[in-house]
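# Notes for the structure review
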Amino acid sequence: MTAFQARKKELLQPLLFEAGAALLDCQHLEFAIALILLQFSRLGTPGLAPEDVYLILEDKEKKTAGQLIAKLKKHVTVSEGIERSLEEALAARNRLIHRSLIDSVERIADAGTRA
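Below, the structure is looked at part by part. (Residues numbered from 1 in each chain as written. Predicted model: local features only at pLDDT ≥ 70, side-chain atom pairs only at ≥ 80, totals over all residues. Heavy atoms only, no water.)

The next point concerns the overall build of the chain. Per the secondary structure count, the chain includes seven helices and zero strands. Mapped from its N terminus to its C terminus, the chain presents α and β elements in the order α-α-α-α-α-α-α. For 115 residues, the compact-globule formula gives about 13 Å, and the C-alpha radius of gyration of the chain, at 19 Å, lies well above that figure. Expressed as lengths along the three principal axes of its C-alpha atoms, the size of the chain is roughly 60 × 30 × 15 Å. Within the chain, the proportion of its 115 residues that are buried is 24%. Long-range pairs, those at least 24 residues apart, make up 51% of the contacts in the chain between residues at least 6 apart in sequence. On the chain, the mean spot of the 16 positive side-chain charges and the mean spot of the 16 negative ones are 4 Å from each other. (Helix = DSSP H or I, 4+ residues; strand = E, 2+ residues; numbered from the N terminus. Rg over C-alpha atoms; globule rule 2.2 N^0.38 Å. Buried < 20%, exposed > 50% of the residue type's maximum accessible area, 1.4 Å probe, protein only. Contact = heavy atoms within 4.5 Å. Lys, Arg positive; Asp, Glu negative; His and termini not counted. Charge placed at Lys NZ, Arg CZ, Asp CG, Glu CD.)

As structure tokens, this is what we get:
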């Protein structure tokens, strides 16, 4: 490892730790929605089969967070408050995963704005 690489790793470690923790939170959200779908499927909700949801949980059928939320809303009546919370969570998740680091790349280079 060069001195530059070592210094970069040292400076970015706190930021990347937080980014990794945020990624884990996003994965928890997606998994939790899939678990909710599993519970409703096990209760016999029409259109939801436990074996199909198990494929999602076991990562054999790929579903995005948005697809999981759409599936939930298709098969289960959710309150306006829950629907709003899911929409806000999805928007926050998408911003975090797809935009937060790249949109802040100029601030990452400066120690004062990196934190």
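In this section: the pattern of salt bridges. Two side chains bearing opposite charge may form a pair once their charged atoms approach each other closely. Using the criterion set out here, one finds nine salt bridges in the structure. Taking the shortest distance from any N to any O, the salt bridge between Arg93 and Glu30 comes out at 2.7 Å. One end of the pair, Arg93, is in helix α4 (residues 80-98); the other, Glu30, is in helix α1 (residues 3-42), and 63 residues separate them in sequence. By relative accessible area, which is 14% here, Arg93 ends up buried. For the salt bridge of Lys63 with Glu61, the shortest nitrogen-to-oxygen distance reads 3.3 Å. Taking the relative accessible area as the measure of exposure, Lys63 reaches 30% and is therefore partly exposed. (Salt bridge = Lys/Arg side-chain N within 4 Å of Asp/Glu carboxyl O.)

The subject of this paragraph is the packing of α1 against α4. α4 packs onto α1 with a crossing angle of 140 degrees between their chain directions and a minimal axis gap of 10 Å. The handedness of the crossing between α1 and α4 comes out as left-handed. Residues Ala22, Leu23, Cys26, Leu29, Glu30 and Ile33 of α1 form the contact with α4, whose own contacting residues are Leu86, Ala89, Arg93, Leu96 and Ile97. Across the contact of α1 with α4, the residue classes break down as nine nonpolar, no polar and two charged. (Axes fitted to C-alpha atoms, helices over the stretch in contact; angles between N-to-C directions. Left-handed = near helix turned anticlockwise from the far one by under 90°. Nonpolar A, V, L, I, M, F, W, Y, C, P; charged D, E, K, R; others polar.)

Turning to helix α3 (residues 65-75), its buried residues number three or more, namely Ala65, Leu68, Ile69, Leu72 and His75. For α3, the arc enclosing every buried residue in end-on projection is 145 degrees, short of the 170-degree limit, so these residues lie on one face. (Arc of directions from axis to C-beta.)

What follows deals with a nonpolar patch on the surface. Nonpolar side chains collect at one region of the surface, where Leu23, Leu96 and Ile97 lie side by side and expose about 200 Å² of accessible area between them. Locating Leu23 in the fold gives a position in helix α1. Given a relative accessible area of 38%, Leu23 falls into the partly exposed group. (Patch = residues over 30% accessible without salt bridge, like charges linked within 9 Å, V, L, I, M, F, W, Y side chains within 5 Å. Areas by Shrake-Rupley, 256 points an atom, 1.4 Å probe, with all protein chains shown as cover.)

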